[in-house]
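# Close look at the chain arrangement
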Amino acid sequence: MDRMSKDAQAEFETCGECAARLHHWVEQHKKYTSEGKCAEYIPALRYANQEALGVCIIGYDGEIIKGGEADIVFTMQSISKVISFMTVCMARGISYTLERTDVEPTGDPYNSIMRLELKKPARPFNPMINAGAITVASFLPGGTKEEKFAALLDTLEKLLGRRPTVNEKVYTSEKKTAHYNFALAHFLKAGGYLECEVEDAIEIYLKQCAIEVTVEDLAKIGLVLACDGFHPLTNKRLLPLEIARLTKAVMLTCGMYNASGKFAAFVGAPSKSGVSGGIMTAVPPRQHKATPFHNGCGIGVYSPAIDEAGNSAAGVKLLQHISTKWELSVF
Ligand SMILES: NC(=O)CC[C@H](N)C(=O)O
């Protein structure tokens, strides 16, 4: 018999009830946007609506629910690191990729340069921090920066069913102020961890950060990861099983930067955030058959006011609430 507590049974809801509940939770959590601030170091991001909060959940059977400002288009920023990592793993193999970036959490801010100096050889700690992501971007398959970036778009097109666009304004605005990222790239180049020139690696990396998505797009990718790379609605395998698993492990341990431990403890689902305020979450199937989305789901959240670690302030709080109520934790 399923492990079905009375509480869990009481929580059983139809999709319509879930949607109503989600809508209510979004309204309740809007107040937490005041605990964060829009990223200002990328000039174009500071004009986002600081009070926005939107969410989309897509379940295994294609059921989709949304709440709040769910139609806003925003840039992926660091969430794109998941896509580039998977693309390089698929094109070049897992061991080749892991020789160039480890999968260990750092506990440092995402743009920290410190460990590239402290450890020799200066292999980046993981692909979810900027150092690792710039290395990974340089190793995307292709002989030119255009081919490399196209390879990343190919993966996204497979996952989303459309080829996403780049927000040129965000890209050029970040490029002007990307001093940290250039510094990281020079260190990486000196240590032999870039396949292309510094300028090209930064161009690919910043362009991937400026790819435009919605919360529904993030939920779609989250769902495929939740299902170990298999798309439950089209019955197609989009990512190899071992790459989907590896990616989820890296998301869980490193995806929320130096708040990854707390996020694992209180939300407990592989997730990746970006400084524009997006969070992509993959919720694998769970034992508690009486809870909504127990067959797994993908979640996309957007709320641009971010906390000190660079994670969406209200987004994290909302995910924590949903996880507690619907038992989303993998632990
Ligand atoms: N945390 C993030 O989303 C960082 C991405 C951003 N483009 C940067 O490199 O700084």
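Quantities reported herein were computed from a predicted structural model and do not represent experimental measurements.

### Quick look at the overall build of the protein chain
Helix and strand counts for the protein chain come out as 14 helices and nine strands. Computed over the C-alpha atoms, the radius of gyration of the protein chain is 19 Å, within 12% of the 20 Å expected from 2.2 N^0.38 for a compact globule of 331 residues. For the C-alpha atoms alone, the extent of the protein chain along its principal axes is close to 60 × 40 × 35 Å. Expressed as a percentage of its 331 residues, the buried residues of the protein chain come to 52%. Across the protein chain, the fraction of contacts at a sequence separation of at least 24, relative to all contacts at a separation of at least 6, is 70%.

### What to know about the domain arrangement of the protein chain
On domain assignment, one finds that the protein chain holds domain 1 (6-72 + 214-325) and domain 2 (78-209). Computed over C-alpha atoms only, the centres of domain 1 and domain 2 are separated by 23 Å. The partner domain 2 presents 26 residues to the 32 residues of domain 1 that form the contact. Sort the elements by how many residues they give to the side of domain 1 that touches domain 2 and helix α12 (residues 241-254) lands first, with eight residues. Looking at the side of domain 1 that touches domain 2 residue by residue, the classes come out as 19 nonpolar, nine polar and four charged.

### Quick notes on unusual backbone geometry
Lys-120 connects to Pro-121 through a cis peptide bond whose omega is 0°. With respect to the helices, strands and loops of the structure, Pro-121 is situated in the loop between α5 (114-118) and α6 (130-138). The backbone of Gln-77 shows a phi angle near 50°, a positive value even though the residue is not glycine. By the secondary structure assignment, Gln-77 is in the loop between β3 (74-75) and α3 (80-92). C-beta crowding within 10 Å serves as the criterion here: with 27 such atoms nearby, Gln-77 is assigned to the buried category. With a phi close to 50°, Glu-327 is a non-glycine residue in the positive phi region. Structurally, the position occupied by Glu-327 is in the segment after α14 (313-326). Owing to 21 C-beta atoms within 10 Å, Glu-327 belongs among the buried residues under this scheme.

### Topic: the site of the ligand
As a structural note, the neighbourhood of the ligand is formed by Gln-77, Ser-78, Tyr-110, Asn-111, Asn-130, Glu-174, Asn-181, Cys-209, Gly-274, Val-275 and Gly-310. Counting contributing residues, the shell around the ligand receives three or more from each of domain 1 (6-72 + 214-325) and domain 2 (78-209).

### Side note on the sheet that holds strand β7 (residues 271-273)
The strand order across the open sheet built from five strands is β2-β1-β9-β8-β7, with neighbouring strands paired in antiparallel fashion. In this open sheet, the two strands that pair with only one neighbour each are β2 (64-68) and β7. The mean angle between the axes of side-by-side strands here comes to 10°, regardless of whether they run parallel or antiparallel. Inspection of the sheet shows strand β1 (residues 54-59) paired to β2 by five bridges, in the antiparallel sense.

### Notes on the confidence of the model for the protein chain
Across the protein chain, the average pLDDT comes to 94, with 96% of residues at 70 or higher. Scored below 50 in pLDDT, residues 1-11 makes 12 contacts in the model with residues more than four places away or belonging to other chains. As a predicted assembly, this complex carries a pTM of 0.94 together with an ipTM value of 0.97.

Parameters at a glance
- Residues numbered from 1 in each chain as written.
- Predicted model: local features only at pLDDT ≥ 70, side-chain atom pairs only at ≥ 80, totals over all residues.
- Helix = DSSP H or I, 4+ residues; strand = E, 2+ residues; numbered from the N terminus.
- Rg over C-alpha atoms; globule rule 2.2 N^0.38 Å.
- Buried ≥ 20, exposed ≤ 12 C-beta atoms within 10 Å, placed from the backbone.
- Contact = placed C-beta atoms within 7 Å.
- Domains from an automatic or database assignment.
- Nonpolar A, V, L, I, M, F, W, Y, C, P; charged D, E, K, R; others polar.
- Near = placed C-beta within 6 Å.
- Pairing = 2+ DSSP bridges.
- Axes fitted to C-alpha atoms, helices over the stretch in contact; angles between N-to-C directions.
- pLDDT = per-residue confidence, 0-100.

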